[in-house]
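Here is how the chains run, residue by residue.
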Amino acid sequence: MSSTAPLPAAPASSSRMIQVLGGIAMLSGFLVVLTYQLTLPRIEENRQRAIERAVFQVLPGATTRRDFLVDDNGVRPASEGGSGTRVYAAYDADGRLKGIAAEAGARGYQDIVRILYGYDPACECITGFAVLQSTETPGLGDKIVKDAKFLANFPLDARLAADGKQLANAIVTVKHGSKTGPWQIDAISGATITSTAVGKGLNNSAQMLLPRLHPHVDQLKVQP
Amino acid sequence: MHADSLTFIFLNAAIVNNFVLALFLGICPFLGVSAKLKTAVSMGFATTLVMLISSICAYAINSLLVAYDLEFLRLISYIAVIASAVQLVEMSMKKFSPALFRALGIFLPLITTNCAILGLALFQTAKEYNFVQSVSYALGAGAGFILALVLMAGLREKLELAEVPSISQGAALSLMLAGILSLAFMGFAGLGAQ
Amino acid sequence: MAGRKRDDTITADTFLEGIWRENPVFVMLLGMCPVLAVTNSVMNAIAMGVATTFVLIGSSTLVSLLRNVIPKQVRIATYIVIIATFVTIVDYIIQAISLDLYNALGAFIQLIVVNCIILGRAEAFASKNRPLKAIVSGLGMGAGFTIALLCLGSVRELLGSGTLLGFSVFGAQFEPWVVMILPPGGFFVLGAWLLLFNWLRERKTRLELKEETVHAR
């Protein structure tokens, strides 16, 4: 009879099971919270840097940014909290407003395409866009950021109508080669669905945002 | 975020972004259970049931976690909910359909480690679906899972009677089949886009 | 006959069996989901491999340390809680290191928790061996998993984008086989690797049989 053979363990009592489970749960909770607290500042920093990178990409020449919230009542700094669409106001080195950036999204080929676009109130036009999230077909759908002719669609005319409640001309994506006005986007042949998604997203966002933003643009021009 | 129609969510989860063939979730049961058509169908339905229960519970838990700012507990609570849902389905199946319970055997508790279920919970949270959208998403994902399993099982049952090279027997052949199925399903891309 | 003595020795085999003989992906066919999903580039493959190895080692160590404390009835539940803890930790660490990498890996970092390799190791090995042995074995399994990921990742990135780790290999003229970085490509490449290994194994058995018959004569 070997003394190294382990004895069969007696079935554990309920209280023992609860003790162990509870103990392990507390240990896990402690480890997770510890990691969370340690990494939170770094993660926040990364997130801000990612947003800034996109904002400065669509509004070239900008060096600083401030966040604002836009809703039916007007515009206020994002730090004040509350509801509304978040927009990023970007200023150049002299403190002049270069434009604002906002998010837009629409259903593309595979899933929703999310973009960040820049709007310059001086020319009332959309200066460009950057892709935030896209699962479109690589090589086809991602042409929207590489195709020179597609990028030549910008700056895009986004003037408001006389009543200020909507765009003078709705932004729309048209078939490749049939663009007639500066508010239209010439689609990439072979990637029409993704091109249309960009157009739809821009139109939806601009129609909702710009009428509410435009009357208060001067508020944004003051950079603290 | 645009309010996606329920039909779109269902079709998207079932066909366009099929959980198995496009999102690579649930591969282990897909390769393991799809040898016989009957087992595959039962497994598919059991998984769909678990998906539905988990989706609803995950939605509830997430609302709680967000309300109390405890988002770092999300993963642990989701997996706990899934394990409980599987246990629940196992017990009810044992009671109401013992033959099915015996047929599925070890695969039932293995539904807990099916990435499709946890993936479903995580995706629906990331997409910020409301309650009805989450249910539609879960049903769509389940339907897609059943579809993929049935297709694979049908193909494999046929192939058992065919002569295949010995080096391809087993998982290698199933993977090649899956690749072709996945390629075929890519044709559905754009379905539902206006 | 002496009673069963637990083999507590750590040999090179403890580490190596995870890489070749018991390779989690190519031999045991476990943990398929991340292998197919995040191998569209070498960087993603390495990151996933390292993250999984971290969780594997961490959870194996903790399970092994607590193996005499955890009652048998609740062991699976405890293992899952422990694994989920380490996955959450690695999730935050990756977010802190690089948000781009985090977005590329997507939900599959959190899906490490249902990777059958980790739960299987905890149940079959870590709960029955001392911590140091569990760590070495975990390292071996993790290395095997990472190697499998790299096998797929390098082929898919090379053929699908013409690059390796972002560096262009074939030059601008190369027309990439886009299908390789899409879902079907994942299935095809893994299937192809399995075909290769099956062929190697059959060849080895055939050669061994030939040797045996030669020796028998």
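Look up: the structure comes first, before these words.
In this report, we go over the structure that sits alongside the text. Computed from a predicted model, the values in this text were never measured in an experiment.

Looking now at the overall build of chain C. When you go through chain C residue by residue, the secondary structure sums to eight helices and two strands. Counting from the amino terminus, chain C carries its helices and strands in the arrangement α-α-α-α-α-α-α-β-β-α. Along the longest, intermediate and shortest principal axes, the C-alpha atoms of chain C span 70 × 65 × 25 Å. Relative to its 217 residues, chain C shows a buried fraction of 48%. Restricting to contacts in chain C with at least 6 residues of sequence separation, those with at least 24 account for 77%.

Look at helix H4 (residues 192-213) of chain A: 30 Å from first C-alpha to last across 22 residues, which is about the 32 Å you get at 1.5 Å a residue. Along its length, H4 of chain A reaches its greatest deviation from straightness, about 35°, at Ala-206 of chain A.

A separate point is the nonpolar core. In this structure, Leu-118 of chain B together with Ile-83 and Val-113 of chain C are the most contacted members of the largest nonpolar core, which totals 124 residues. Looking at this core element by element, the count peaks at twelve residues for helix H4 (residues 75-97) of chain C. Not counting residues within four places of it along the chain, the set of residues in contact with Ile-83 of chain C comprises Val-55, Ser-59, Val-113, Ile-118 and Leu-119 of chain C. Ranked by size, the runner-up nonpolar core spans 46 residues in total, among them Val-75, Ile-115, Ala-158 and Trp-183 of chain A.

So, about the packing of helix H3 (residues 37-67) of chain B against helix H6 (residues 115-126) of chain B. All names here are of chain B. Running from N to C, H3 and H6 cross one another at 35°; their axes reach a closest spacing of 9 Å. Along this stretch, H3 crosses H6, giving a crossing that reads as right-handed. For the pair H3 and H6, the contacting residues are Thr-47, Val-50, Met-51, Ser-54, Ser-55, Ala-58 and Asn-62 in the first and Ala-116, Ile-117, Leu-120, Ala-121, Gln-124 and Thr-125 in the second.

Moving on: the pairing of strand S2 (residues 74-77) of chain A. Strand direction decides the pairing type here: strand S1 (residues 64-71) of chain A and S2 of chain A, joined by four bridges, are antiparallel. Opposite Asp-71 of chain A, over in S2 of chain A, you have Gly-74 of chain A as the bridge partner.

This paragraph deals with the environment of Lys-158 of chain B. Residue and element names in this part refer to chain B. Relative to the helices and strands, Lys-158 resides in helix H7 (residues 131-159). We classify Lys-158 as exposed; it has 9 C-beta atoms within 10 Å. In this structure, the C-alpha to C-alpha distance between Lys-158 and Pro-109, residues 49 residues apart in sequence, is 28 Å.

What follows deals with the interface of chain C and chain B. Each partner contributes to the interface: chain C provides 31 residues, whereas chain B provides 31 residues. Mapped by element, the contributors of at least two residues to the side of chain C that touches chain B are helix H2 (32-37), H4, helix H6 (116-124) and helix H8 (183-216) of chain C. With twelve residues, the top contributor of residues to the side of chain C that touches chain B is H8 of chain C. Partitioning the side of chain C that touches chain B into residue classes produces 24 nonpolar, six polar and one charged.

So, about the pairing of strand S4 (residues 97-107) of chain A. Residue and element names in this part refer to chain A. Counting buried positions along S4 gives ten out of eleven residues, so the element sits mostly inside the fold. Where strand S3 (residues 85-91) folds back onto S4 in an antiparallel hairpin, the turn is made up of five residues, including Gly-95, whose phi is positive at roughly 85°. Alignment of S4 against strand S5 (residues 112-120), held across eight bridges, turns out to be antiparallel. Pairing of Arg-107 across the sheet is with Ile-112, part of S5.

Once that is clear, we can look at the sheet that holds S1 of chain A. All names here are of chain A. Spatially, S2-S1-S3-S4-S5-S6-S7 is the arrangement adopted by the seven strands of the open sheet, whose pairing is antiparallel. Looking at strand neighbours, the two that pair on one side only are S2 and strand S7 (156-157), the edges of this open sheet. Across seven bridges, the pairing between S1 and S3 is antiparallel. Along S3, the bridge assignment pairs Val-70 with Thr-85. Strand contacts of helix H1 (residues 14-58): S1, S3, S4, S5 and strand S6 (125-133), with the helix running at about 150° to S6, the strand carrying the most contacts.

As a further point, take H4 of chain C. An ideal rise of 1.5 Å per residue puts 33 Å on 23 residues; H4 of chain C measures up with 33 Å between its terminal C-alpha atoms. Of all 23 residues that make up H4 of chain C, 17 are buried, and the element is covered over most of its length.

Scoring rules and cut-offs
- Residues numbered from 1 in each chain as written.
- Chains lettered and ligands numbered in written order.
- Predicted model: local features only at pLDDT ≥ 70, side-chain atom pairs only at ≥ 80, totals over all residues.
- Helix = DSSP H or I, 4+ residues; strand = E, 2+ residues; numbered from the N terminus.
- Buried ≥ 20, exposed ≤ 12 C-beta atoms within 10 Å, placed from the backbone.
- Contact = placed C-beta atoms within 7 Å.
- Expected span 1.5 Å × (residues − 1).
- Bend = angle between axes of the 7 residues up to and from the residue.
- Core = buried A, V, L, I, M, F, W, Y, C linked by C-beta atoms within 7 Å.
- Axes fitted to C-alpha atoms, helices over the stretch in contact; angles between N-to-C directions.
- Left-handed = near helix turned anticlockwise from the far one by under 90°.
- Pairing = 2+ DSSP bridges.
- Nonpolar A, V, L, I, M, F, W, Y, C, P; charged D, E, K, R; others polar.

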